[in-house]
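# Reading the structure
Here are the chains, one letter per residue:
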Amino acid sequence: MVKKKIGKIGAVALSTGLVLSGLSVGSVDAAKPDWAGKGNGDNGNGKENQKVENVIYMIPDGFSSDYASNYRVYKGEEAIWDKHLKGAFTTDSANSDITDSAAAGTAMATGEKTNNGVIGLDTEGNELKTILEASQEEGKASGLVATSTISHATPAAFASHVESRNNETEIARQLLSNEVDVMLGGGKNNFLPASQGGNQEEVNLIEQAAEQDYEFVETRDALLAVNDIDVENGEKLLGLFAGDALSPELHRGETEEPSIAEMTESAIDVLEEDKDGFFLVVEGSQIDWAGHDNDAAWAMSDVAAFEEAVEEAIEFAEEDGNTLVVVAGDHDTGGMTTGSNGQMDLNAALLQNVTATGDHMAAQLNEDRSNVNEVVNTYTGFDLTEEETQYIQEANNASFAINTVVSDRATIGWSSTNHTGADIPVYAYGPQADTFVGFYDNTDLPKIIAEAMKLK
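The structure presented is a predicted model; accordingly, all values stated were derived computationally and were not measured. (Residues numbered from 1 in each chain as written. Predicted model: local features only at pLDDT ≥ 70, side-chain atom pairs only at ≥ 80, totals over all residues. Heavy atoms only, no water.)

### Observations regarding the overall build of the protein chain
Check the secondary structure of the protein chain and you find 16 helices and 16 strands. The proportion of buried residues among the 456 residues of the protein chain is 59%. Taking contacts inside the protein chain between residues at least 6 apart in sequence as the whole, the part at least 24 apart equals 74%. In the form shown here, the protein chain has an accessible surface area of approximately 17,600 Å², with 42% of it arising from carbon and sulfur atoms. (Helix = DSSP H or I, 4+ residues; strand = E, 2+ residues; numbered from the N terminus. Buried < 20%, exposed > 50% of the residue type's maximum accessible area, 1.4 Å probe, protein only. Contact = heavy atoms within 4.5 Å. Areas by Shrake-Rupley, 256 points an atom, 1.4 Å probe, with all protein chains shown as cover.)

### Observations concerning the pairing of strand E9 (residues 278-284)
With respect to burial, E9 is a largely interior element, seven of its seven residues being buried. With six bridges connecting them, strand E2 (residues 54-60) and E9 associate as parallel partners. Its bridge partner being in E9, Ile 56 is matched across the sheet by Leu 280. With six bridges connecting them, strand E5 (residues 141-149) and E9 associate as parallel partners. Paired with Leu 144 across the bridge in E9 is Val 281. (Pairing = 2+ DSSP bridges.)

### As for the side chain of Gln 174
Within the fold, Gln 174 resides in helix H5 (residues 168-177). Only 2.8 Å separates the side chain of Gln 174 from the side chain of Glu 170, close enough to count as a polar contact. Once residues lying within four places of it in the same chain are set aside, the contact partners of Gln 174 are Ala 159, Ser 160, His 161 and Val 162. (Polar contact = N/O pair within 3.5 Å; in protein donor to acceptor, adjacent residues only side chain to side chain.)

### A look at unusual backbone geometry
Of note in the backbone geometry, Asp 228 takes a positive phi value of approximately 60° without being a glycine. Turning to its location among the elements, Asp 228 is positioned in the loop between helix H7 (220-224) and strand E8 (236-240).

### Observations regarding the sheet that holds strand E16 (residues 438-441)
With respect to topology, 10 strands assemble into an open sheet ordered E7-E8-E6-E5-E9-E2-E10-E15-E3-E16, the strand pairing being mixed. Edge positions in the sheet fall to strand E7 (214-217) and E16, since each has one partner strand and no second. Direction aside, neighbouring strands of the sheet carry axes that sit 15° apart on average. Relative to E8, strand E6 (residues 182-186) runs parallel, the two sharing four bridges. The residue of E8 that forms the bridge with Leu 184 is Gly 239. (Axes fitted to C-alpha atoms, helices over the stretch in contact; angles between N-to-C directions.)

### Notes on the side chain of Asp 274
Residue position: Asp 274 is located in the loop between helix H9 (260-271) and E9. Buried within the structure, Asp 274 lacks any salt-bridge partner; Lys 275 is the closest side chain of opposite charge, at an N-O distance of 6.4 Å. Contact partners of Asp 274, with chain neighbours within four places excluded, come to Gly 139, Lys 140, Ala 141, Val 231 and Glu 232. (Lys, Arg positive; Asp, Glu negative; His and termini not counted. Salt bridge = Lys/Arg side-chain N within 4 Å of Asp/Glu carboxyl O.)

### Some remarks on the pattern of salt bridges
Applying the stated criterion to the full structure yields 16 salt bridges. Among the ionic pairs, Glu 232 bridges to Lys 275, the shortest N-O distance being 3.5 Å. Note that Glu 232 is positioned in the loop between H7 and E8 and Lys 275 in the loop between H9 and E9, a separation of 43 residues in sequence. Classification of Lys 275 as exposed rests on a relative accessible area of 67%.

### Some remarks on helix H14 (residues 386-394)
Three or more residues of H14 are buried, namely Glu 388, Thr 389 and Ile 392. The arc that holds the buried residues of H14, viewed along the axis, is 100°, so those residues lie on one side. Along H14, the residues that are exposed and aim more than 90 degrees away from the buried face are Glu 386, Glu 387 and Glu 394. The secondary structure elements touched by the buried residues of H14 are helix H13 (372-380) and helix H15 (398-409). (Arc of directions from axis to C-beta.)

### Some words on the environment of Gly 342
Within the element layout of this structure, Gly 342 appears in the loop between strand E12 (337-338) and helix H12 (358-363). Look at Gly 342 and you get exposed, because its relative accessible area is 75%. Sequence spacing of Gly 342 and Thr 411 is 69 residues, and the spatial spacing of their C-alpha atoms is 9.1 Å.

### Some words on the packing of aromatic side chains
Scanning all chains against the criterion turns up 10 aromatic pairs. Plain terms: the ring middles of Tyr 71 and Trp 81 are 5.9 Å apart, the flat faces sit at 35° to each other, and that makes the pair tilted. Here Trp 81 lies in the loop between helix H1 (65-75) and strand E3 (85-90) and Tyr 71 lies in helix H1, a separation of 10 residues in the sequence. For Tyr 71, a relative accessible area of 2% puts it in the buried group. Clustering of aromatic rings is evident, with ring pairs tying together Phe 63, Tyr 67, Tyr 71, Tyr 74, Trp 81, Phe 306, Trp 414 and Tyr 427. (Phe/Tyr/Trp six-rings, centres within 6.5 Å; stacked < 30°, edge-to-face > 60°.)

### Some remarks on the nonpolar core
Membership of the largest hydrophobic core comes to 77 residues, with the highest contact counts inside it found for Ile 56, Met 58 and Leu 351. For this core, the leading source of residues is helix H11 (residues 296-320), giving 15 residues. Not counting residues up to four positions away in its chain, the partners in contact with Met 58 are Val 282, Phe 306, Ala 309, Val 310, Ala 313, Val 325, Val 326, Val 327 and Ala 328. With 53 residues, the next largest nonpolar core counts Leu 132, Val 162, Tyr 214 and Val 426 among its residues. (Core = buried A, V, L, I, M, F, W, Y, C linked by side-chain atoms within 4.5 Å.)

### Section: the confidence of the model for the protein chain
Residues at a pLDDT of 70 or more form 89% of the protein chain, whose mean pLDDT is 91. Low pLDDT, under 50, characterises residues 1-42; the predicted model gives this stretch 81 contacts beyond four residues in sequence or across chains. (pLDDT = per-residue confidence, 0-100.)

### Notes on the pairing of E8
Among the five residues of E8, five are classified as buried, and the element is accordingly described as predominantly covered. With burial as the criterion, each face of E8 is covered, one bearing Lys 236, Leu 238 and Leu 240 and the other bearing Leu 237 and Gly 239. Alignment of E7 against E8, held across four bridges, turns out to be parallel. Bridge pairing in E8 links Val 217 to Gly 239.

The following block contains the structure:
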């Protein structure tokens, strides 16, 4: 057993400007602010010191400022978050200059540092209360959305407490035990027993979920058909759309899996029925995985999918008037550069024509890789040079070689196949969005949010 210890959430204001003096929880005017329902208005800065009723915490895993810059070129115009840039933060963990997603997620959920690989515990093994759990204690509904398994490091950090992020079966058990109202993502195998091909030894968590008043869905069509889930009366939603992670965005259309935007919209539709408000975490998980593979096309396509989810969140926040949307990656992955190989052009827009991941293209190669030109042309439209063809044919890792060629064509460079210690931008829209202005640490994010929500 671990000893329960409440983290520093909301206990310390970052500056006197963050202290919402004179307002108790009960004295906040529930009426919508002037800018609500008026599009961008004052860009959602929400200058009133009103209490935030709902929070949508959006985490593009692995995303940094260079991803943002390349995505702007890829898209050909500003992203929805660009006008809402507020500040930046550092990401080191308790035992490393470069964090992993478990330690980063824990910092962003609890306001305290921990060691890499650890979920929801401090460096001494004590449980840390998360901001999602604190929101639940205030009567708010809660939700987790991810394109990874729902028991993966980042979503896990908001509603579980384990020594190792790899213990996804225990994480899945804790997610149900914590009764998160909406959970949408991959990872069905972590909820099923071994007798049904799952990873649990004996327990069937999907059957357990039904006993806890969860409606269970496992296809896009079933999710979009969901209605009349009454979270006020304890009804909940569990959607597990793949045995493991969902497919990359480039291949999602070939499946029955929903997009991250559709999952976000569905989660909001359910959670907004709670009169006390809600706390929702949305992770664009596979931006990080693309960074590990140095797969620029996968990275940009998953950023595009994540942007559609952010659009859903901000559209809701515009109409609601009491919702704060925070967009912040947990760390950089891959050390992506905006420009490469001494060139002065930015060509990320070329990636719009790429229709498959490097892994998928490599899987189409024959044994002697004599069909390299045909395969790469089919999925990219590129006519390879003799040098590029030879490079891919002779490479130990054909997928990585293809990704290198594609990145070079797009003038995108990479400095690592792992995370880096780069500072991360934070974007915010809604009431009290301006409280995120400045430069700080990842542990400050949940403290700012908790102060805005007036959590105890």
